[in-house]
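What follows is each chain in one-letter form.
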Amino acid sequence: MKDYFETKKRKSSSYLYYGLIAAGLTALMIVAGILSLVRVESLGVVITAFVSALLWGGTSFLSLYVFYTDNRAQFDRDTLDSAEL
């Protein structure tokens, strides 16, 4: 039984790590887009930077949302288990 919960917790925490990495890439793409805009590079480069930031931001949001809902469900299960005692 311990192995089941250990792997489930590890899977849940991997969503947190992936979400944080994606958030970092979002920030990097926003900075790259702003620098491209300041340097007056081609419009395609600026648009690509901001669109990729939008996509990485969506990925980050989804990953962190999955982590949040999984932890919330675990918290609710623990609350139910303690109420039964």
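Just above, that's the structure.
Nothing here was measured: the structure is a model prediction, and the numbers come from that model.

*Asks:* I'd like to hear about the overall build of the protein chain, residue by residue, with values.
*Replies:* Looking only at helices and strands, one finds two helices and zero strands in the protein chain. Buried positions account for 15% of the 85 residues belonging to the protein chain. Of the roughly 6600 Å² of accessible surface on the protein chain, 71% is carried by carbon and sulfur atoms.

*Asks:* Would you mind going over the packing of aromatic side chains in detail, with residue names and values included?
*Replies:* Any pair of aromatic rings gets described here by the distance separating the centres and the angle formed by the planes. Per the counting criterion, the structure on display carries one aromatic pair. Plain terms: the ring middles of Phe 61 and Tyr 65 are 6.1 Å apart, the flat faces sit at 20° to each other, and that makes the pair stacked. With Phe 61 and Tyr 65 both in helix H2 (residues 43-84) and four residues apart, this pair spans about one turn of that helix.

*Asks:* Got a sec to walk through the environment of Val 45? Specific residues and values, please.
*Replies:* Relative to the helices and strands, Val 45 is located in helix H2. Classification of Val 45 as partly exposed rests on a relative accessible area of 36%. Residues Val 45 and Ala 32 lie 13 residues apart in sequence; the distance between their C-alpha atoms is 9.4 Å.

*Asks:* How would you sum up the side chain of Ser 60? Please name residues and give values.
*Replies:* Following the sequence through the fold, Ser 60 ends up in helix H2. Assessed through its relative accessible area of 6%, Ser 60 is described here as buried.

*Asks:* Break down unusual backbone geometry for me, citing the residues and quoting the values.
*Replies:* One non-glycine residue, Val 40, lies in positive phi territory at about 55°. Structurally, Val 40 can be placed in the loop between helix H1 (2-38) and H2. Take Val 40: its relative accessible area is 68%, and that puts it in the exposed class.

About the cut-offs
- Residues numbered from 1 in each chain as written.
- Predicted model: local features only at pLDDT ≥ 70, side-chain atom pairs only at ≥ 80, totals over all residues.
- Heavy atoms only, no water.
- Helix = DSSP H or I, 4+ residues; strand = E, 2+ residues; numbered from the N terminus.
- Buried < 20%, exposed > 50% of the residue type's maximum accessible area, 1.4 Å probe, protein only.
- Areas by Shrake-Rupley, 256 points an atom, 1.4 Å probe, with all protein chains shown as cover.
- Phe/Tyr/Trp six-rings, centres within 6.5 Å; stacked < 30°, edge-to-face > 60°.

Such coordinate-based values are descriptive only and should not be taken to indicate function.
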